[in-house]
Amino acid sequence: MTTDSGMTDEAARMAGLEVKPVAGHIGAEISGVDLAGDLDDSVVAAIRAAVLRWKVVFFRGQRLDHTGHVAFARRFGEIVELPRRGKASPPDFPGIETTADRLELGGRFGMEHDEWLRRRRHTLLRGWHCDHGARVDPPAATILRAETVPPYGGDTTWANLAAAYAGLSAPLRQFVDGLRAEHRLGVGYQPRPGDDAYVRHLLERQVASLHPLVRVHPETGERILYVNGYYVEQIAGLSRPESAAILEMLLEQAVRPEYTVRFRWEPGSVAFWDNRATMHLAPGDTAHLQHPRIMHRVMLAGDVPVGVDGTPSEPITGTEPGRW
């Protein structure tokens, strides 16, 4: 499928949709569709084209429940069913994860949620990630639905990793095309002094893969700067100082404001993003507001990334394609 804007616009017009870009390189708002309805194939194709073109698309005023959320997601691929979820997630819908589950995590390991969040985001870039990026086959896409949101705050931000790659100088693109990096669960976490139950938890459940630093998108053919702040551990073949300097430069490139879009949630809002071509930053400004933020997430199964030279990612530990 192409990312050509003319063809994307034509597909939307044919389906009776309006696709309105909201930032220069990423993000579009789609109107004229009820996601809970029986969607025509042309509507599904137009939405898919818009996701590939704009990397993340937004819908407002939707009336999806859990059943409708799952039914909508299934029109675009196979749903990931997580083997472990928290108490907030609906037990009868194994494909839905409620993000309020995250509020439980710190408490399981003797921390308030604020402390747990600070230790995961102890630098400005650490919070940026693609979903489940340490797996050898990260999800292809994520569909996030807002049920309850604060009256202010709680925005999510996405970055276009295809635009970030294209924005590099030609010599640097040539250099990173041949590199691979280790993505490992928990490398962004800053341990507590002394015994840390969360570190023990991470060590017992290690997930790590060797991914190309530049992956080729399986549908569009675009080259993607495949970095993220939370999972990337080390560029293979480089020393630690070399790797750290290059990764910091590439992460700063990826989150330059011109490559990002920020979305203000409302109840009934839905965001649908390409997890292969974006990373995102969840909000960190709501814990003190004393207002609930209840979001429901469905992820679509993805493939094993492939580099510019055609070499696929390799599992290191705790992951294999298709098995969650």
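What this report covers is the structure whose coordinates are included nearby. (Residues numbered from 1 in each chain as written. Predicted model: local features only at pLDDT ≥ 70, side-chain atom pairs only at ≥ 80, totals over all residues. Heavy atoms only, no water.)

### So, the sheet that holds strand E8 (residues 208-212)
With antiparallel pairing, the four strands of this open sheet are ordered in space as E11-E7-E8-E16. Looking at which strands have only one partner, the edges of the open sheet turn out to be strand E11 (232-235) and strand E16 (314-317). On average, each strand axis in the sheet is tilted by 25° relative to the strand beside it, whichever way the strands run. Taken together, the three bridges between strand E7 (residues 180-184) and E11 define a ladder with antiparallel strand orientation. Bridged to Glu182 within E11 is Gln234. (Pairing = 2+ DSSP bridges. Helix = DSSP H or I, 4+ residues; strand = E, 2+ residues; numbered from the N terminus. Axes fitted to C-alpha atoms, helices over the stretch in contact; angles between N-to-C directions.)

### Overview of the sheet that holds strand E6 (residues 156-160)
Two modes of strand pairing occur in sheets, parallel and antiparallel, and in both the strands are linked by backbone hydrogen bonds. Pairing in this open sheet of three strands is antiparallel, and the strands run E12-E6-E14 from one edge to the other. A single partner strand is all that each edge strand has here, and the edge strands are strand E12 (260-263) and strand E14 (278-281). On average, each strand axis in the sheet is tilted by 20° relative to the strand beside it, whichever way the strands run. Taken together, the four bridges between E6 and E12 define a ladder with antiparallel strand orientation.

### What about the side chain of Thr98?
Assignment of secondary structure puts Thr98 in strand E4 (residues 97-98). On the basis of relative accessibility, which here comes to 2%, the residue Thr98 falls in the buried class. Among the polar contacts made by the side chain of Thr98, one reaches the side chain of His296 at a distance of 2.9 Å. Contacts of Thr98, omitting those with residues within four sequence positions, involve Ala88, Ser89, Pro90, Ile294, Met295 and His296. (Buried < 20%, exposed > 50% of the residue type's maximum accessible area, 1.4 Å probe, protein only. Polar contact = N/O pair within 3.5 Å; in protein donor to acceptor, adjacent residues only side chain to side chain. Contact = heavy atoms within 4.5 Å.)

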